[in-house]
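# Structural features, examined
Each chain is listed here by its residues.
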Amino acid sequence: QAEAAYTKAMDALLKGGITDADVEQAKRRMIARLAYAKDSPMSAARAVGAALAIDQTLDDIENWPDEIAKITADQVRSAARKLFTEYSSATGILLPPASTDAAGG
């Protein structure tokens with residue numbers, strides 16, 4: 001049931017569930033987080049370290065808000081269709097451990 005519900009939700013999302021308003025709201029939140037991260041030396045250091053580790057520059061980091069602002073809802077929808085395919089998830093079935101008798105066998 002959970003797997004069917006997940007599949008149904010993903011299908012709905014990919015067939016129009018990502019609205020322009022959703023993308024604009026997400027962009028505003030991301031830009032706000034970047035601004036607040038500068039208030040904390042640890043957060044700023046963590047962000048710079050992570051960015052440098054993936055070959056970004058300090059200029060790239062300073063330009064993140066501008067780059068985020070340029071993202072369109074169509075780009076987000078296109079990326080979602082590429083990322084969320086039938087092969088992008090795995091289903092595990094958790095079973096209880098096999099029971100043992102009282103004698104330990």
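Residues numbered from 1 in each chain as written. Predicted model: local features only at pLDDT ≥ 70, side-chain atom pairs only at ≥ 80, totals over all residues. Heavy atoms only, no water.

## What about the overall build of the protein?
Looking only at helices and strands, one finds six helices and zero strands in the protein. Helices and strands in the protein line up, N terminus first, as α-α-α-α-α-α. By the compact-globule yardstick of 13 Å for 105 residues, the protein is too spread out, its C-alpha radius of gyration being 21 Å. Principal-axis analysis of the C-alpha atoms places the extent of the protein at approximately 65 × 35 × 25 Å. (Helix = DSSP H or I, 4+ residues; strand = E, 2+ residues; numbered from the N terminus. Rg over C-alpha atoms; globule rule 2.2 N^0.38 Å.)

## Quick look at the confidence of the model for the protein
Per-residue confidence for the protein averages 88 on the pLDDT scale, and 95% of its residues sit at or above 70. The element-level mean pLDDT for the protein is lowest in helix H1 (residues 2-17), coming to 86, with helix H5 (residues 64-70) highest at 94. (pLDDT = per-residue confidence, 0-100.)

## Examining the pattern of salt bridges
Opposite charge on two side chains allows them to pair when their charged atoms are near. Evaluation of the coordinates by the stated rule reveals five salt bridges. Of the charged contacts in the structure, one is a salt bridge between Asp-20 and Arg-77, with a shortest N-O distance of 3.2 Å. Taken as a pair, Asp-20 in helix H2 (residues 20-37) and Arg-77 in helix H6 (residues 73-83) lie far apart in primary sequence, 57 residues in all. Ionic pairing is found between Glu-67 and Lys-70, a salt bridge with its closest N-O pair at 3.2 Å. Residue Glu-67 and its partner Lys-70 are both found in helix H5; the two are separated by three residues, about one turn of the helix. Assessed through its relative accessible area of 41%, Glu-67 is described here as partly exposed. (Salt bridge = Lys/Arg side-chain N within 4 Å of Asp/Glu carboxyl O. Buried < 20%, exposed > 50% of the residue type's maximum accessible area, 1.4 Å probe, protein only.)

## A few points about H6
Considered for burial, the residues of H6 that qualify are Ala-73, Arg-77 and Ala-80. Projected onto a plane normal to the axis of H6, the buried residues spread over an arc of 60° and lie on a single side. When the buried face of H6 is taken as reference, the exposed residues oriented beyond 90 degrees from it are Asp-74, Lys-82 and Leu-83. Elements in contact with the buried residues of H6: H1 and H2. (Arc of directions from axis to C-beta. Contact = heavy atoms within 4.5 Å.)

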